[in-house]
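# Results of the structural survey
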Amino acid sequence: MTSSETSGLSRRMLLKSTAAVGAAAAATTVIHPDAASAQPRAAQPIDALAAAKAAAIPTPEQYFGFRIGSDGKLATWDKMLPYFQLIAEKSNRVNLEEVGKTTEGNPYVLLTISSPKNLANLDNLVEINSRLADPRGLSPTEAEELARTGKPFYMVYAGIHSTEVGNSQATIEWAHRLATEQSEYMNNILDDLVILLVPCQNPDGLVKVNDHFAATAGTNYSRTYPDLYQKYTGHDDNRDWFMLTQVESHLATQIQNKYHPQVLQDSHQAGSNAPRMFTPPYLSPYDPNIDSITVQQSDSLGLAMQRGMTAAGMKGVGWGMTYDYWTPSRQYCVYHNAVRILTEAASCSNLAYPLVSNSPIGSQHSTISFIEPYDQNTWTLRQIVDYVSQAFYSGIEAVAYDRYNWLYNFYRVGAKAVSRTGAWIIPAGQRDPQAVRDAVDILHTGAVEIRQAQSAFSAGGQQYPAGSYIIYMNQPYSGFAETLLEVQEYPHLLQYPDGPPQRPYDVTAQTLPMLLGFQANLVTSAFSVSTKLLSAIKPAAVTMPAPPPATGAYALGAESYGVFQIVSKLQKQGIPTFRVAKQFADGGRTFPAGTFIVPPTDAARQILHNQSSSTGIAVFALSAVPRIEGVQLKPDTKIGLLKPANNLQSGWLMWMFDQYGVNYSVVKAQDYTNLAGRFDAIIMPTGVSKSSITNGLNPNNYTAEWSWAFGVGDDGWNKLRDFVTAGGTLVAYGSGANTAQQLFELPLRSILPSDSSVFYCPGALLSQEIDSNNPVAWGMDPKNPAWFDEDRAYELTDPNKYPVQVVSKYPHSGEQLQSGWLIGGEYLNGAVNGLSWTVGRGSVVTFGSEIGFRTWNRGEEKMIFNAMYQGPSQKLTPDQFQRLGR
């Protein structure tokens, strides 16, 4: 295609936007890799029958009864999904597939959009992409030929953040236009590109938000859905791209692992005063495990979008601000050879109503990355649709017109990956088999090849047992493994010399061995061992011991956080469960404080056998129950979770509790009349404040269905205090610890400077000293790092006000940073983190750091489980314990 032809097509691509000032566009220059690919293609013939069938598809306005983006109007999922199905039925350019069901059972769908010829040849095109993604054994000449014959895949999803409504609304118009437009321009685009359109990455949230918006029309109630729009994670559903906990994350990675797209466009909205649209280039830093070609292509494609919007007369667009390219929590695709194109449109008012200002909206200062400030004082949902659509069309145009380079560079990225050296080794037989299992599961889901040693071997001067996992670095997605297993060294970035830190967009560390609690070693020298490539990840093999004698019992170690799955099962079946308070020995084996003891019944054996097999956690048989102090867990321990509306960390804890079968429920406003009758222990995560308890949601703004989240006033606040002093347990962490301090006037003083230039820690792993003899820390590695995300560290000001024990603290000296970024670590020296208090007849456990952050730091999160079961438990004398409470 010639440069003049390209320019003409670019002009036809421009949207007739409300913000457009004309149809003239700057010429687009396409650089071709060779003469063959630079030849003009013949215009694709139009299939008259197919065109007639496509013409029968109603326009979005005809189908929905309003123009998409109209003020105060949102299409709902129950109408959108049938419309996408209708398009796929009528158009030979669109295939619709239900990839799976979401967390709450809604269909998660993928529209594959391309020319009929490409769709008929889709399996072959996918095979070409797969071959380029994994180029082992592929010569450069063979790769060049595949790049000439293949088609780039462009994946785009919208609506992951459900209150950012404009993007999923825009996909309705995209699907219709791509399916129906009969033009040489559109035919050429679709002949050179396969589009993978996920119209909503979070259908559950779209249902919640858009249905709530529709239901409150014409009322005085708030139009915005007030709670988590993904059942467990809310806004954090876009922070799940390396832990991969949620169903929707797995469905999206399935698509990427199958089709190997070269591009993933992730469509969002920002605050109303942000640039009208952000695209890459990103701010520094970028994760060095992202290939440099991928970084450059992200920049170039983002700038192509910027050019397209500017050429269409769309002002207020910018790049190189706010968003960095660092953490894998926000991007899976970049470790799988695809660029991530984040688009962030400015929001309007109240989801779908015009934003009106007395002056032009947003910054009016022109810079090289923000050339034309937005000069209007209104901003509408329709403009959001137009801007994000222009960015999308400019993106697919840029990739389609340069398809050879996109495909061949995709090969180049893979070729660099498979030429890496070294290996990561995860030794077999570690203290926490659940941590190892979770880590290996994550890597396997991320298409990382994992091998298992068939015999003992030596590598890097260390001996490893048979069964150890080996991740060789000469494989396509080794960058994903590397970024999760290595220690992060986040660069020291300041806003200006000697100024405050440049805030990362999310966090700075993701070192799985520290988060979960296992060992992984990087070996850079050659070694030899027979291995087996794993096609599935199974728990470590364990053997159930023979039944113990009547005087004995079963024992479970407390080292694994996974043990609480077993505890929940035992509780559910009404099987008594005990814990020793001190170390003891039996049969030549030493058992530490916190070991679980279970009576040797047939019912207990069946549960322990099943759970041990499914988790890899070993069960031991004791010849005799030790005569030792201990506790009996309260049967059917009832856990209450404080969850103000839209509280993220409460949602994450709900997910973990549901995975482990914990007997919990959210504390409702109605429960405050009888907290002790409903709960034995209550969890107060980060984000729970006095205001969220006493004020809650305003009843004037929400219907009675939200009464569970209404405020309980000072009376409810006092009842929470009474719950503890009368014998209940409260476990608080992060900012929740500040709330607990306020509730009980705990004698704590925050010792960290408030000036971020002096002390700053935006999501990192820090050194920690843990008293593993304390019941809250039973089973803990005494050196387990602390996750710290702009949290607090304390000085105990009056150790005599309440009986109190220090559970964990920061070292008195030495390096406080383990992974990520920390300024002013010396201010942590000797500071207190975890404390266990006796308040009246009850107990309070506080941690200044976030020991339950997004369920990432599960090694540390175990202390929440310890505390919530320990508080309500019954203390036993040595004689009582030996009789197992009988």
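Description of the structure in this document. Given the structure is predicted, the values throughout are model-derived calculations rather than measurements.

### Structural notes on the overall build of the protein
Assigned secondary structure in the protein consists of 27 helices and 40 strands. For 886 residues, the compact-globule formula gives about 29 Å, and the C-alpha radius of gyration of the protein, at 29 Å, lands near that figure. Taken along the three principal axes of its C-alpha coordinates, the protein extends 90 × 70 × 55 Å. When the 886 residues of the protein are sorted by exposure, 60% land in the buried category. Counting only contacts in the protein whose residues sit at least 6 apart along the sequence, the fraction spanning at least 24 positions is 80%. Approximately 32,100 Å² of the protein is accessible, and the part contributed by carbon and sulfur atoms is 49%. In the protein, 65 side chains carry a positive charge and 77 a negative one; their mean positions are 5 Å apart.

### Description of the nonpolar core
The nonpolar side chains of a soluble globular protein tend to be buried, and buried together. Counting residues in hydrophobic clusters, the biggest one holds 209 residues, and the most contacted among them are Tyr 154, Ile 195, Ile 471, Leu 512, Phe 518, Ile 683 and Met 868. When residues of this core are assigned to their parent elements, the largest contribution, 11 residues, is made by helix α14 (residues 381-400). Sequence-distant contacts of Ile 195, defined by excluding residues within four places in its chain, comprise Leu 111, Thr 112, Ile 113, Tyr 154, Val 156, Leu 178, Leu 190, Phe 392 and Ile 396. The next biggest cluster of nonpolar side chains, apart from the first, holds 30 residues, and it includes Leu 720, Leu 730, Ala 737 and Val 844.

### Some details on the pairing of strand β20 (residues 553-556)
The side-chain alternation of β20 yields two buried faces, one formed by Ala 553 and Ala 555 and the other by Tyr 554 and Leu 556. Both β20 and strand β25 (residues 619-622) contribute to a ladder of 4 bridges, which runs antiparallel. Pairing of Ala 555 across the sheet is with Phe 620, part of β25. Of the pairings in the sheet, the one linking β20 to strand β24 (residues 596-598) comprises 3 bridges and is antiparallel in character. Considered in β24, the bridge of Tyr 554 is made with Val 598.

### Let's talk about helix α21 (residues 648-660)
An α-helical turn contains 3.6 residues, so a residue and the one three or four places further along point in the same direction. When the terminal C-alpha atoms of α21 are compared, their 19 Å separation across 13 residues agrees well with the 18 Å that a helix rising 1.5 Å per residue should span. Within α21, 10 of the 13 residues are buried, which leaves the element mostly enclosed by the surrounding structure. Buried within α21 we find Gln 649, Ser 650, Gly 651, Trp 652, Leu 653, Met 654, Trp 655, Met 656, Phe 657 and Tyr 660. At the exit of α21 stands Gly 661, carrying a positive phi of roughly 70 degrees.

### Notes on the packing of aromatic side chains
By the definition in use, this model includes 44 aromatic pairs. Ring centres 6.1 Å apart and planes at 75 degrees place the aromatic pair Tyr 154 and Phe 392 in the edge-to-face group. With Tyr 154 in strand β3 (residues 153-158) and Phe 392 in helix α14, this residue pair connects regions lying 238 residues apart in the sequence. The buried category is assigned to Tyr 154, whose relative accessible area is 0%. Between Phe 657 and Phe 865 the ring centres are 5.7 Å apart and the planes differ by 85 degrees, which places this aromatic pair in the edge-to-face class.

### Some details on the state of the cysteines
Each disulfide is one covalent bond, formed between the sulfur atoms of two cysteines. If you walk through the whole model with that rule in mind, you get 0 disulfides. No disulfide involves Cys 348; its sulfur sits 17 Å from the nearest other cysteine sulfur, which is in Cys 200. Using a relative accessible area of 9% as the deciding quantity, one classes Cys 348 as buried.

### Digging into the sheet that holds strand β1 (residues 94-101)
With mixed pairing, 8 strands are arranged side by side in an open sheet as β1-β2-β4-β3-β5-β10-β6-β8. Looking at strand neighbours, the two that pair on one side only are β1 and β8 (317-318), the edges of this open sheet. The pairing of strand β6 (residues 277-278) with strand β10 (residues 339-346) spans 2 bridges and is antiparallel. The residue bridging Phe 278 from the neighbouring strand is Glu 344, located in β10. Helix α7 (residues 122-133) rests against β2 (107-113), β3 and β4 (194-198) of the sheet, and its axis sits at about 95 degrees to β3.

### Things to note about the sheet that holds strand β17 (residues 469-472)
Read across the open sheet, the 5 strands follow the order β18-β13-β17-β14-β19; overall the sheet is antiparallel. With partners counted over all chains shown, the strands left at the sheet margins are β18 (521-523) and β19 (531-533), one partner each. Neighbour to neighbour, the strand axes of the sheet diverge by 30 degrees on average, direction disregarded. Summarising the sheet, strand β13 (residues 423-426) and β18 pair through 3 bridges and their orientation is antiparallel. From the neighbouring strand, Trp 424 faces β18, where its bridge partner is Leu 522.

Scoring rules and cut-offs
Residues numbered from 1 in each chain as written. Predicted model: local features only at pLDDT ≥ 70, side-chain atom pairs only at ≥ 80, totals over all residues. Heavy atoms only, no water. Helix = DSSP H or I, 4+ residues; strand = E, 2+ residues; numbered from the N terminus. Rg over C-alpha atoms; globule rule 2.2 N^0.38 Å. Buried < 20%, exposed > 50% of the residue type's maximum accessible area, 1.4 Å probe, protein only. Contact = heavy atoms within 4.5 Å. Areas by Shrake-Rupley, 256 points an atom, 1.4 Å probe, with all protein chains shown as cover. Lys, Arg positive; Asp, Glu negative; His and termini not counted. Charge placed at Lys NZ, Arg CZ, Asp CG, Glu CD. Core = buried A, V, L, I, M, F, W, Y, C linked by side-chain atoms within 4.5 Å. Pairing = 2+ DSSP bridges. Expected span 1.5 Å × (residues − 1). Phe/Tyr/Trp six-rings, centres within 6.5 Å; stacked < 30°, edge-to-face > 60°. Disulfide = S-S within 2.5 Å. Axes fitted to C-alpha atoms, helices over the stretch in contact; angles between N-to-C directions.

This is a description of form; function is not addressed.
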